[in-house]
Amino acid sequence: MKSVTHAFVERRSRVNELLDIILNSYSQIFFSTHRPFALLIMLVTFIDFYTGLFGLISVLTAAVAGIMLGFNRVTMRKGLLGFNSLLAGLGLGIYFSPSVYLLIIVILASLFTFLISVSLQGVIGKYGLPFLSIPFILGLWAFMLATKSFEVLGVSERGIYTLNELYTLGGTNLVKAYEYLNNLTLPDPVRAYFFSLSAILFQYNLLTGIVIAVGLLSFSRIAFSLSLIGFFIAFGFYHLIGAEVTSYDYSFFGFNYILSSIALGGFFLIPSRNAYLWMILVIPFVAILTISLNAVFMQFKIPIYALPFNIVVMLFLYSLKFREKYSYRLSEVYFQHNSPEKNLYIFLNNKERFRYKLFTPIKLPFFGTWKVSQAHDGEHTHKGVYKHAWDFILVNQEGKQFKNEGDYPEEYFCYNKPVIAPEDGVVEEIIDGIDDNVIGQPNLKDNWGNTLIIKHNNEVYSKLSHLKKGSFKVKKGEDVKFGQIVANCGNSGRSPYPHLHFQIQQSPYIGSVTMDYPLSNYIVHEKDAFQLKTHSRPEKEQLVSNIETSDLLVSALSFIPGQILEFKTEADSIVTWEVKVNEYNQSYLQCKNTDAKAYFENDQNLFYFTYYEGKKKSELFYFFQALFKLQKGYYQNLEITDQYPLYLTYPKAILWFHDFISPFLLLIRSQYSVQYKKIDDAITPSQIQLTSGLTNYFLKKKINEKSFRITIDRDGISDINITDDNRQIKLIR
Amino acid sequence: METLKKISLIVLLGFFSTIVYAQQNTEKKIIEGFQNSYLHEASGNLAEAILDLKNVYQADSYPINLRLGWLTYSSGMFSESQSYYNKAVALKPYAVEPRMGLVLPLAAMGNWDAVIAQYHKVLEIMPNYSVALHRLGLIYYGQKDYEKAEKYFEKVVNLYPFDYDGLVMLAWTEFHLKKYRQAKVLFNTALMHTPTGASALEGLKLMQ
């Protein structure tokens, strides 16, 4: 029985895969994987039944070839290897009369185009460039030129006796509807825009254009607005230079501007003011290239199709690769989500949340809570090229750093206290043998005193100075781990009283200049409150400590691959999530019922979700929202805030309209916050309660909110209470 | 009293019969006028032909205005022709006949906008009238507005798929629109109709 179910599941997933390959090949024409849009495009290709049919046969041919030859399934599923074959099939299908011979030609052309796609992916892909629709152009040119000598192929009559075809299909009413559309009094440029959209599918049909425009709008507001901007800029440009282009010609060039505009303004670049600006500057190149290429190719009666779009987009994207400085203002899309909106919102969210992701997570170099006696740009010694350093001391509850009179180093609380490695690394340099100073008499000769330099990577070194002579617990060249005791605090070198000097530098030398480098996370202790600081710089007078993790939280948030989490809902149904790791080494929870995935990161101190994909009705989505970001120490009333990616949590209707202006202006916010509410015993806790919430804002106005109460016990997360728009939902372990 | 009644009846009868007679007489004259004008037209004497009808002219007569429109047009009196045709149009506004006449003097005077407007009116009344469709197509073709020309020729060809003129004109239009596939099919079909059709042969040669 089990094997039967397994076989069924496998068959279903294969059907799904094939469906994805086919449908995404349609929507990929517009860089999309939006299923309704794919269906609409597919539908309009069937306005001419045989053209639609040959298009579908082409996609199927490419899909079967790809599966049989074993090409990358992810690339195939995204439709990336299929859309060029589809276009070739449509081009041939509309040109020739349907026949068995045409069927053979279409299958061959589809295969040929598919092979060009794969090869170009290898050749151009090496340079990080997309092959766009070059394969289809090459494939169709090759076949169209060759077919001139194929006598068995009759040129298709379709598109000539349209009214008769429509009459056959739907009688007078359909003919009337067609004529009504054709006689619609639309301004010429608007008609040309719709015709251009239809020309992408080799049609010259207002209805097709309108349907595609509607599909484009439903897929992406950014792509839709870009299509209009690009089209009309080129239109304006032609008028400006007085080019002799009929509106009919224009319709057949128009999609070059539409596709270029979407590609540069919103797809291969993150939609932004700068991306739009560059798109506007680049569109005239496409316009000029269209005229010049057309002048050459028309000599040979070869249509240029989307050649200008391909050339200009590749040219621009390739040029960007040579930038010496990365800029957030004009950023390429490094992980393609096939939606300008998703690309934008994920980019903005990542910029806010993970801009320091590639930074080495340097932490504080001591146990317990120390005080910053001198911070960056300090008034004593942290000046000039040495300004990015900290001095730490230990103080008692009255704020004093020593007992008695403080005349001897031993009277200082920090003296001889362990100093730890602030992050994993290798001991690069040790200076030892310098005596502690008498209080108030710094040793100006050996400025740094006893010093330890740890190499964390080729460009990040940490330096700990004024250490106690002979206290080193490590040797030069030795590997160290974060938290490992390396030496003790002392009073050597230019140190009037015991303290720990800590700086980050880019090179391994004792005298290297300091580098402005944030600490990955630490807790600021205020009078009655705590603050979690991430990627920040401790400030003067602050009392700071590393996060002291709570075993209860650490164990509840330790998700090990293969682990199963089960929760009972109020309806007594069971939701099951499995911890998994994908080929990119990303950990995620996968809901067995809905297939939804919630990706997370889990380090020593923090647990946070990065991304969610799948149905939002899944309980996993609540889990994702509730535990969006947590630190693993318990600090009473500590509050952490963060931002959700807008496309996941913001109300769809408002977001839909906001999408139009999102590349320039964000008026909306989806905020996460969590409070550490209750612990039953500070020393040996058995239960911790957290409350978290999601609040959506339009400007400063609250739009809606959700709240979550999470209870954690020794066996992990015991329950989550969810309040979503007055609806109460409960997940119980 | 009885006598008075009888007299009144006789007078009334007499009055009506006089009217009927007069009317019969006028119609007879008008028909004769038409008869003469046809004879004069056939013999090439257009001035006499016009006069024949002017002699029996009635402003509210559709036939007279229509025929005078034609005769004056034929003798080069375009303004007059236009005015007669306009009267005919006004008398029978739903009729396409006077409008198809009216376009003649309008075209002769080069008033193309008015010609186009008349054809549109004709097509509004009779959407599938192939003559109007074809002529509108020709006007737009002459103005090099191939996109518009295509719309009308396409309809002609859909209504008369094997008519040489329609096929050739649509073929040339498609040729200018760079729709070579369609042009090729259309020229070839035109050659099936007239295998020696010079225009179709020339078109195909250009596309080789």
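Cut-offs and rules
- Residues numbered from 1 in each chain as written.
- Chains lettered and ligands numbered in written order.
- Predicted model: local features only at pLDDT ≥ 70, side-chain atom pairs only at ≥ 80, totals over all residues.
- Heavy atoms only, no water.
- Helix = DSSP H or I, 4+ residues; strand = E, 2+ residues; numbered from the N terminus.
- Buried < 20%, exposed > 50% of the residue type's maximum accessible area, 1.4 Å probe, protein only.
- Areas by Shrake-Rupley, 256 points an atom, 1.4 Å probe, with all protein chains shown as cover.
- Lys, Arg positive; Asp, Glu negative; His and termini not counted.
- Charge placed at Lys NZ, Arg CZ, Asp CG, Glu CD.
- Contact = heavy atoms within 4.5 Å.
- Buried area = accessible area lost by both parts, 1.4 Å probe.
- Salt bridge = Lys/Arg side-chain N within 4 Å of Asp/Glu carboxyl O.
- Polar contact = N/O pair within 3.5 Å; in protein donor to acceptor, adjacent residues only side chain to side chain.
- Nonpolar A, V, L, I, M, F, W, Y, C, P; charged D, E, K, R; others polar.
- Domains from an automatic or database assignment.
- Phe/Tyr/Trp six-rings, centres within 6.5 Å; stacked < 30°, edge-to-face > 60°.
- Lys NZ or Arg CZ within 6 Å of the ring centre and 35° of its normal.
- Disulfide = S-S within 2.5 Å.
- 1 Å grid on protein atoms, 1.4 Å probe; cavity = no way out; pocket = protein on both sides within 12 Å on 5 of 7 lines; lining within 4 Å.
- Points joined across faces, edges and corners; volume = space filled by probe spheres on them.
- Axes fitted to C-alpha atoms, helices over the stretch in contact; angles between N-to-C directions.
- Parallel < 35°, antiparallel > 145°, perpendicular 65-115°, else oblique.
- Left-handed = near helix turned anticlockwise from the far one by under 90°.
- Core = buried A, V, L, I, M, F, W, Y, C linked by side-chain atoms within 4.5 Å.
- Pairing = 2+ DSSP bridges.

1. Quick word on the overall build of chain A
Assigned secondary structure in chain A consists of 19 helices and 24 strands. Referenced to the eigenvectors of the C-alpha coordinate spread, the extents of chain A come out at roughly 105 × 60 × 50 Å. In chain A, buried positions account for 54% of the 733 residues. In the structure as shown, chain A presents an accessible area of about 33200 Å², 58% of it carried by carbon and sulfur atoms. Here chain A holds 68 positive side-chain charges and 62 negative ones, and the gap between their average locations is 3 Å.

2. Notes on the interface of chain B and chain A
With 21 residues of chain B at the contact, the number on the chain A side is 22 residues. In total, about 2000 Å² of surface goes out of reach between chain B and chain A, with carbon and sulfur atoms giving 52% of it. For chain B, the biggest contributors to the area lost against chain A are E147, N158 and R181 of chain B; these three give 32% of the whole. Our count for the contact surface shared by chain B and chain A stands at 1 salt bridge. Counting across the interface, chain B meets chain A through 8 residue pairs in polar contact (both at pLDDT 80 or more). Contributing elements (two or more residues each) for the side of chain B that touches chain A: α8 (146-159), α9 (164-176) and α10 (180-193) of chain B. In terms of residue class, the side of chain B that touches chain A is made up of 9 nonpolar, 3 polar and 9 charged.

3. Things to note about the domain arrangement of chain A
Residue and element names in this part refer to chain A. On domain assignment, one finds that chain A holds domain 1 (13-158), domain 2 (168-341), domain 3 (370-545) and domain 4 (551-732). Relative placement of domain 1 and domain 2: their C-alpha centres are 20 Å apart. With 34 residues of domain 1 at the interface, the matching set in domain 2 holds 36 residues. When the two sides are added together, the surface that domain 1 and domain 2 hide from each other amounts to roughly 3100 Å², 77% of it contributed by carbon and sulfur. Of all residues in domain 1, F30, F31 and W141 give up the largest surface area on contact with domain 2, accounting jointly for 24% of the area buried on that side. In this assembly, domain 1 and domain 2 are joined by 8 residue pairs in polar contact (both at pLDDT 80 or more). No other element matches the 7 residues that helix α7 (residues 134-147) contributes to the side of domain 1 that touches domain 2. The residue inventory of the side of domain 1 that touches domain 2, partitioned by class, reads 24 nonpolar, 8 polar and 2 charged.

4. Let's talk about the packing of aromatic side chains
Residue and element names in this part refer to chain A. The tally for this structure, following the rule as stated, stands at 73 aromatic pairs over all chains. Sitting above the plane of the F335 ring, K78 keeps its charged end 5.8 Å from the centroid. Its guanidinium or amino end placed over the ring of W448, K463 lies 3.1 Å from that ring's centre, counting from NZ or CZ.

5. Considerations on helix α17 (residues 619-626) of chain A
Where burial is concerned, most of α17 of chain A is hidden: 7 out of the 8 residues are buried. Among all positions of α17 of chain A, only L620, F621, Y622, F623, F624, Q625 and A626 of chain A are buried.

6. Looking at the state of the cysteines
All names here are of chain A. Counted according to the given criterion, the structure contains 0 disulfides over all chains. C489 forms no disulfide, and the closest cysteine sulfur to it belongs to C414, at a distance of 3.8 Å. For C489, a relative accessible area of 0% gives the class buried.

7. Focus on the pattern of salt bridges
All names here are of chain A. One pass over the full model with this rule turns up 27 salt bridges over all chains. K363 serves as the salt-bridge partner of E423, at 2.9 Å between the closest nitrogen and oxygen. Taken as a pair, E423 in the loop between β3 (418-420) and β4 (425-431) and K363 in the loop between α15 (340-354) and β1 (370-374) lie far apart in primary sequence, 60 residues in all. Relative accessible area serves as the criterion here: at 11%, E423 is assigned to the buried category. The partner of D516 in a salt bridge is R537, with the nearest N and O atoms 2.6 Å apart.

8. Some points on the layout of surface pockets
All names here are of chain A. Looking at the second largest pocket, its volume works out to about 820 Å³. Lining the second largest pocket are 32 residues, with R353, T534, H535, L606 and K629 positioned closest to its centre. Secondary-structure elements contributing two or more residues to the lining of the second largest pocket are α15, β10 (519-525), β11 (530-536), β16 (597-602), β17 (606-613) and β19 (639-643). At 6 residues, the largest contribution of residues to the lining of the second largest pocket is made by β11. Here the lining of the second largest pocket is built from residues that sort into 9 nonpolar, 12 polar and 11 charged. When we break the lining of the second largest pocket down by domain, the ones giving at least three residues each are domain 3 (370-545) and domain 4 (551-732).

9. Some remarks on the packing of helix α3 (residues 49-69) of chain A against helix α6 (residues 100-125) of chain A
Residues and elements named next belong to chain A. Where α3 contacts α6, the two axes come as close as 9 Å, and the packing angle between them is 50°. As summarised for this structure, α3 and α6 are arranged oblique, according to the angle between their axes. Note on packing geometry: the crossing formed by α3 with α6 is right-handed. Along the contact surface, α3 presents F54, I57, S58, T61, A62, A65 and G66, while α6 presents L102, L103, V106, I107, S110, L111 and F114.

10. Concerning the nonpolar core
Residues and elements named next belong to chain A. Formed by 225 residues in total, the largest nonpolar core has its most connected members in F30, F609, F623, L627 and I717. Beyond its immediate chain neighbours, meaning those up to four positions away, L627 contacts L557, F607, F609, Y672, I710, I717 and I720. Grouped together as the second largest cluster of nonpolar side chains are 33 residues, W390, F392, F502 and Y522 included.

11. Quick look at the pairing of strand β2 (residues 389-393) of chain A
Residues and elements named next belong to chain A. Of all 5 residues in β2, 5 are buried, a share of seventy percent or more. Because side chains alternate across β2, one face comprises the buried residues A389, D391 and I393, and the other comprises W390 and F392, equally buried. One ladder, built from 3 bridges, connects β1 with β2; its direction is antiparallel. Following the sheet pairing, V372 is matched in β2 by F392. In terms of strand pairing, β2 meets strand β9 (residues 500-505) through 4 bridges, oriented antiparallel. Paired with W390 across the bridge in β9 is F502.

12. Observations concerning the environment of I302 of chain A
All names here are of chain A. As for its placement among the helices and strands, I302 is situated in the loop between α13 (273-297) and α14 (307-320). Each C-alpha atom, one on I302 and one on L145, is 8.2 Å from the other, the two residues being 157 residues apart in sequence. When near neighbours in sequence (up to four residues on either side) are disregarded, I302 contacts W141, L145 and F297.

13. So, the side chain of S520 of chain A
Mapped onto the elements of the fold, S520 of chain A is located in strand β10. With near-sequence residues (within four places) excluded, S520 of chain A lies in contact with P361, I362, K363, K533, T534 and H535 of chain A.

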